[in-house]
Amino acid sequence: MKNILITGGAGFIGSHVALELLDSGYNVIVYDNLSNSSEESLKRVEELTGLSISFYKGDILDTNHVKEVLEKEKIEAVIHCAALKAVGESVKKPLLYYHNNITGTLSLLSAMEEVGVKNIIFSSSATVYGDPETVPITEDFPKGAPTNPYGWTKSMMEQIMTDLHTADPNWKVILLRYFNPIGAHKSGRIGEDPKGIPNNLLPYVTQVAIGKLPYLHVYGDDYDTHDGTGVRDYIHVVDLAKGHVKAIDNLDKLTGVEIFNLATGHGYSVLDIVKTFEKVNGVKIEYKIEGRREGDIDETYADASKAEKVLGWICDNGLEEMLEDSWRWQKNNPNGYEE
Ligand code: NAD
Ligand code: UFG
């Protein structure tokens, strides 16, 4: 296994996966329509690794183009990161989300089937568990009801790939359920570059820290958690990226549909994040407690021991490193990839 295609590879997670794959000796081919990213991320990955990426600007909805690239580049496995991911926007524009994520995935899978590429590693999400009855969450927990169309697209795409394997066991399907990826590469050269006002906690915090936004809105302090604010399992994006390399490394020994939680197994609250960020970076984060955000759950964190046992994957970075690295990226790139 050598030639790996990453759909959505110019994005936050895909660019970190590209870097780790290159560092591990794989050839990386990226397919992205740049709807939520910039080619600059890939240039920086090349600069950091001293290796090159074959980049194709294209849309996964374009089945023929995807097919051409799969054949031309002799792709052996696909890491499928391309998706629209803004939860709030998905509530307002469900058709856009179902079309891009579901129809896009059907198009990609058809192209793969036609050319006989039957190895797929999918960027799934903890959102497929819905509101779990207990924590920590293991992979055999039942899927729940996502609270928004984005979450449903992830759940449905998992089902589509599972059904594909049932129909044709030659398909290998690895479903990686990410918890909350944050942080950035230690170099401060690649990181998360949200367009407009960030939806997610960390980019919001770093934009408050740099003075672009006046204060953090803390959505609710009456949850059933140690300080009343929402608890999540934050994972360093570089550790997450290494999980993908481990999945590819182990593809030969995996059979069928395999699910892995990618997480650290530790839950931290919004106020834990604020306080730790202030402590490790020496920057004050102004915040105001506000009402709950619709669709949020109180607490989620994972049991990630399956990935350790089966793939030999462990996280190297704790919360302090995640928050230092998020800040370094923001400080060095106040306008993201726009110079
Ligand atoms: P991102 O927006 O930075 O990256 C997604 C990439 O996909 C972008 O570069 C975008 O241009 C591209 N893309 C979108 N639609 C496309 C299409 N139709 N054709 C080609 N390219 C397309 O997001 P990310 O945070 O890097 O997320 C990557 C994947 O991980 C997504 O599937 C997302 O749903 C999933 N995920 C993310 C998180 C998170 O918190 N970041 C959590 C769980 C799962
Ligand atoms: N939060 C705030 N203020 C903000 C943003 C977030 O208080 O400005 C709080 C939320 O209420 C939540 C926590 O910070 O308690 C984390 O919120 P995020 O939006 O960063 O992350 P979520 O857990 O809500 O959602 C993320 C991804 C989804 C994915 C989900 C599960 O954004 O795509 O994890 O994997 F589905």
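Here the residue numbers are simple positions, counted from 1 along each chain's written sequence. Starting at A for chains and at 1 for ligands, labels are handed out in the order in which the entities are written. With the structure being a predicted model, the display of local features is reserved for residues of pLDDT at least 70 and the display and counting of side-chain atom pairs for 80 or more, all residues being used for whole-chain, interface and lining totals. Excluding hydrogens and water, the side-chain figures rest on all heavy atoms present in the structure.

(A) Molecular detail of the environment of H185. As for its position among the elements, H185 is in the loop between β7 (180-182) and α7 (201-209). Among the residues examined, H185 registers a relative accessible area of 17% and is labelled buried. Along the chain, H185 and V45 lie 140 residues apart, while their C-alpha atoms are 10.0 Å from each other. Contacts are assigned to residue pairs with any non-hydrogen atoms lying within 4.5 Å of each other. Here H185 is in contact with H16, L19, L48, I190 and V238, once residues within four sequence places are set aside. Helix and strand labels come from DSSP, where a helix needs a run of H or I of at least four residues and a strand needs a run of E of at least two; each type is numbered from the N terminus. Between buried and exposed lies partly exposed: a residue is buried under 20% and exposed over 50% of the maximum accessible area for its type, with that area taken using a 1.4 Å probe on protein chains only.

(B) The arrangement of the pattern of salt bridges in detail. Here, a salt bridge means any Lys or Arg side-chain nitrogen found within 4 Å of an Asp or Glu carboxyl oxygen. Considering all chains together, one arrives at 16 salt bridges under this definition. Linking E114 and K67 is a salt bridge whose minimum nitrogen-to-oxygen distance equals 2.7 Å. Taken as a pair, E114 in helix α5 (residues 94-115) and K67 in helix α3 (residues 63-72) lie far apart in primary sequence, 47 residues in all. We classify E114 as exposed; its relative accessible area is 53%. A residue is classified by how much of its surface remains accessible, and K67, at 21% relative accessible area, is partly exposed. A salt bridge links K93 to E89; the nearest nitrogen and oxygen atoms lie 3.7 Å apart.

(C) Representation of the sheet that holds strand β11 (residues 257-262). The strand order across the open sheet built from 7 strands is β3-β2-β1-β4-β5-β6-β11, with neighbouring strands paired in parallel fashion. Every other strand in the sheet has two partners, leaving β3 (54-57) and β11 as the edge strands with one partner each. Between one strand axis and the next, the sheet turns by 20° as a mean value, whatever way the strands run. In this analysis, strands are considered paired if DSSP registers two or more bridges between them. Relative to strand β4 (residues 77-80), strand β1 (residues 3-7) runs parallel, the two sharing 4 bridges. The residue bridging I4 from the neighbouring strand is A77, located in β4. Geometry is summarised by axes, namely lines fitted to C-alpha atoms with helices restricted to the contacting stretch, and by angles between N-to-C directions that run from 0 to 180 degrees. The strands that helix α1 (residues 12-23) touches are β1, β2 (27-32), β4 and β6 (172-178); relative to β1, the one it contacts most, it runs at about 170°. Of the strands in this sheet, β1, β4, β5 (119-125), β6 and β11 are in contact with helix α8 (residues 237-249), which crosses β6 at around 165°.

(D) Structural view of the confidence of the model for the chain. Confidence of the predictor at the level of single residues is captured by pLDDT, which takes values from 0 to 100. Mean pLDDT over the chain stands at 97; residues scoring 70 or higher make up 100%. Mean pLDDT in the chain bottoms out at helix α4 (residues 87-92), which sits at 95, and peaks at β1, which reaches 99.

(E) Molecular detail of the nonpolar core. Counting 44 residues, the largest nonpolar core has I6, L21 and I79 as its most contacted members. When residues no more than four places from it in sequence are discounted, the contact partners of L21 are I4, I6, Y26, V28, I79, V245 and I248. Take the buried residues of types Ala, Val, Leu, Ile, Met, Phe, Trp, Tyr and Cys, join any two whose side-chain atoms come within 4.5 Å, and each joined set is a nonpolar core.

(F) Structural detail: the pairing of β11. Most of β11 sits out of view: 5 of its 6 residues are buried. As paired elements, β6 and β11 share 6 bridges and run parallel to each other. The partner of V173 across the bridge, within β11, is V257.

(G) Up close: the site of ligand 1. Whether a residue is near a molecule or strand is decided by its heavy atoms; if any one of them lies within 4 Å of it, the residue is near. Around ligand 1, the structure places 27 residues, and the nearest of them are D32, N36, S37, Y150 and K154. S37 is positioned with one of its side-chain polar atoms (N or O) 2.6 Å from an oxygen atom of ligand 1. Between N or O atoms, a polar contact is any pair within 3.5 Å; within protein, one atom must be a potential hydrogen donor and the other a potential acceptor, and residues adjacent in sequence are included only when both atoms are from side chains. Here a nitrogen atom of ligand 1 sits 3.0 Å away from a polar atom, N or O, in the main chain of I60. When the free accessible area of ligand 1 is taken as 820 Å², the share hidden by the protein chains comes to 96%. Surface accessibility in these figures is a Shrake-Rupley result with a 1.4 Å probe; residues are shielded only by whichever protein chains are displayed.

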